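# Topology and contacts: notes
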Amino acid sequence: ARRRSASDYRFGKVLGEGSFSTVYLAKDIHTNKEYAIKVLEKAHIIREKKSEYVMREKEVLRILGSSCPYFVRLYWTFQDSEHLYFVLTYAKNGELLKQIDKCGCFTIECARYYAAEMVLALEYLHGKGIVHRDLKPENVLFDENWHILITDFGSAKILKTDNTENQKCDNDALDKGDKRRRTSFVGTAQFVSPEMLSESSSSPASDLWALGCIIYQMVSGVMPFRGRSEFLIFQKILNLEYEYPDGFDPQAKDLVQKLLVKNPIERLGATDEAPYTSIRFVEGNLILKQGLIDKKKGLFAR
Ligand SMILES: NC(=O)Nc1ccc2c(c1)=C(Cc1cc(-c3cccc(C(=O)NCCN4CCCCC4)c3)c[nH]1)C(=O)N=2
């Protein structure tokens, strides 16, 4: 295929800004198709020693490809003297966070629906040996049909299978082992799991913790672990200090309290072989069988 460059696109509004990238709405001048183009400044990436994260995001997006509908797709990458460009799926209906803030909270049917889509997405992601590590409502987007698109793999981890011992080791260990590449990575305060805080270790169960936090927020409208500083939030996470507001749906509570468990291997689904059957079908939990099959809803609360 023909090499692309920024001149192939008409850049529009800023869709999002991160510490190392800005995402623009852009239109392909040849096809008129809309994309989200993530632009990264080379000098900043090098200065902040984030090249490994950029390469990892590209590798994760390559591995994910286009076979699962619940992830943004990477169409092309190109660069010029100052910037790197990732041409990604444009999620027309924006971020889950904005919808939660706009609606106050979701109906339980709607929360069930999106919890089900997120479980399907995590089954696929973890099945590919990838841990997101920064799952949060800002990184869950909606496409034009109100299906989810998970994005932002800059913090992701690719689990490596060591063929000789057939063990699943991971690049935490590699990072720990190699002083030059020690990463003091931690996700976003309110969604980071206890093990990432206390041992700097992460696994697919770390994403299940974040899933529990997101379900709590969809149902209640607020995050389970809140505080005036990151330190206070971290303390609450490590002490499992959170509560369910009056009227919190009992089925949702049943599921959330089985995900917000300190020991990662005791989290619902953590010991399942793919797919996450124990999350899908535990009697009385939020994600009932029909939640995974009925793809017609997705309408928002009030
Ligand atoms: N860190 C990252 O990788 N970030 C990314 C990556 C890919 C990507 C990405 C971020 C996107 C962000 C994004 C942001 C938005 C957006 C931002 C602000 C407002 C809106 C918006 O209101 N859209 C109109 C849809 N409304 C929704 C509610 C009902 C009326 C119509 C969308 C759409 N998509 C995107 O579309 N694709």
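Residues numbered from 1 in each chain as written. Predicted model: local features only at pLDDT ≥ 70, side-chain atom pairs only at ≥ 80, totals over all residues. Heavy atoms only, no water.

### Here we look at unusual backbone geometry
Notably, Lys49 is not glycine yet its phi reads approximately 55°, a positive angle. Residue placement: Lys49 occurs in the loop between helix H1 (42-47) and helix H2 (51-64). Despite not being glycine, Asp152 has its phi angle at roughly 65°, a positive value. Summarising the element assignment, Asp152 is placed in the loop between strand E8 (148-150) and strand E9 (157-158). (Helix = DSSP H or I, 4+ residues; strand = E, 2+ residues; numbered from the N terminus.)

### Topic: the sheet that holds strand E3 (residues 34-41)
What holds strands together in a sheet is hydrogen bonding between their backbones, with the strands either parallel or antiparallel. Sheet architecture is open: 5 strands sit in the order E1-E2-E3-E5-E4, paired in antiparallel fashion. Strands at the two margins of the open sheet, each flanked by one partner only, are strand E1 (9-17) and strand E4 (74-79). Taking the axes of each pair of neighbouring strands and ignoring which way they run, one obtains an average angle of 25° across the sheet. Alignment of strand E2 (residues 22-28) against E3, held across 6 bridges, turns out to be antiparallel. Looking at E3, one finds that Leu25 is bridged to Ala36. (Pairing = 2+ DSSP bridges. Axes fitted to C-alpha atoms, helices over the stretch in contact; angles between N-to-C directions.)

### Thoughts on the pattern of salt bridges
Scanning the entire structure with this criterion turns up 11 salt bridges. The residue Lys38 makes a salt bridge to Glu57 at a minimum N-O spacing of 2.8 Å. Of the two residues, Lys38 sits in strand E3 while Glu57 sits in helix H2, which places them 19 residues apart along the sequence. Residues Lys38 and Glu57 agree in their burial class; the two are buried. Between Glu52 and Arg56 there is a salt bridge, with the nearest N and O atoms lying 2.5 Å from each other. Pair noted here: Glu52 and Arg56 are both in helix H2, with a separation of 4 residues, about one helical turn. (Salt bridge = Lys/Arg side-chain N within 4 Å of Asp/Glu carboxyl O. Buried < 20%, exposed > 50% of the residue type's maximum accessible area, 1.4 Å probe, protein only.)

### Considering the packing of helix H4 (residues 108-127) against helix H7 (residues 204-220)
One way to put it is that H4 packs onto H7 with a least axis distance of 10 Å and a crossing angle of 165°. Judged by the inter-axis angle, H4 sits roughly antiparallel to H7. Like other packed secondary-structure pairs, H4 and H7 cross with a definite hand, here right-handed. When H4 is examined against H7, the residues Ile108, Ala111, Tyr114, Ala115, Met118, Val119, Leu122, Leu125 and His126 are found in contact with a partner set consisting of Pro204, Asp207, Leu208, Leu211, Ile214, Ile215, Met218 and Val219. Of the residues contributing to the contact of H4 with H7, the split by class is 15 nonpolar, 1 polar and 1 charged. (Parallel < 35°, antiparallel > 145°, perpendicular 65-115°, else oblique. Left-handed = near helix turned anticlockwise from the far one by under 90°. Contact = heavy atoms within 4.5 Å. Nonpolar A, V, L, I, M, F, W, Y, C, P; charged D, E, K, R; others polar.)

### What about the site of the ligand?
Neighbouring the ligand are 17 residues; Lys38, Thr89, Ala91, Lys92 and Thr151 lie closest to it. Contact between the ligand and Lys92: a nitrogen atom at 3.2 Å from a main-chain N or O atom of the residue. Contact with the protein chains covers 73% of the free accessible surface of the ligand, which is 760 Å². At the level of secondary structure, the elements contributing two or more residues to the shell around the ligand comprise E3 and helix H3 (96-103). Grouping the constituent residues of the shell around the ligand by class yields 8 nonpolar, 5 polar and 4 charged. (Near = heavy atom within 4 Å. Polar contact = N/O pair within 3.5 Å; in protein donor to acceptor, adjacent residues only side chain to side chain. Areas by Shrake-Rupley, 256 points an atom, 1.4 Å probe, with all protein chains shown as cover.)

### What to know about the pairing of E1
Looking at chain direction, E1 and E2 are connected through 6 bridges and run antiparallel. Residue pairing for E2: Gly16 is matched across the bridge by Val23. Linking E1 to E2, which pair antiparallel, is a turn of 4 residues.

### With respect to the packing of H3 against H7
Interaxial distance between H3 and H7 falls to 9 Å at its minimum, and their mutual angle equals 30°. Regarding the angle of H3 to H7, the classification is roughly parallel. Side by side, H3 and H7 meet where Leu96, Leu97 and Ile100 of the first sit next to Ile214, Gln217 and Met218 of the second. Grouping the constituent residues of the contact of H3 with H7 by class yields 5 nonpolar, 1 polar and no charged.

### A word on the nonpolar core
Formed by 71 residues in total, the largest nonpolar core has its most connected members in Phe71 and Met218. Per element, the largest residue contribution to this core is 12 residues, and it comes from H4. In this structure, Phe71 is in contact with Leu64, Ala121, Tyr124, Leu125, Leu149, Ile150 and Phe153, ignoring residues within four places of it in sequence. Listed in part, the 8 residues of the second largest apolar core include Tyr35, Ile37, Val39 and Val87. (Core = buried A, V, L, I, M, F, W, Y, C linked by side-chain atoms within 4.5 Å.)

### Quick word on the packing of aromatic side chains
If you walk through the whole model with that rule in mind, you get 21 aromatic pairs. Judged by centre distance (5.8 Å) and plane angle (35°), the ring pair of Tyr75 and Trp76 falls under tilted. Tyr75 sits in the partly exposed class, given a relative accessible area of 30%. Judged by relative accessible area, Trp76 falls into the partly exposed class, the value being 24%. Where Phe142 meets Trp146, the ring centres are 5.2 Å apart and the plane angle is 55°; that geometry is what we call tilted. Three or more aromatic residues joined by ring pairs make a cluster, and in this case those are Tyr9, Phe11, Tyr24, Tyr35, Tyr75, Trp76, Phe78 and Tyr85. Against the face of Trp76 rests Arg4, its NZ or CZ located 3.6 Å from the ring centre. The positively charged end of Lys50 is found above the aromatic ring belonging to Tyr53, 4.6 Å away from the centroid. (Phe/Tyr/Trp six-rings, centres within 6.5 Å; stacked < 30°, edge-to-face > 60°. Lys NZ or Arg CZ within 6 Å of the ring centre and 35° of its normal.)

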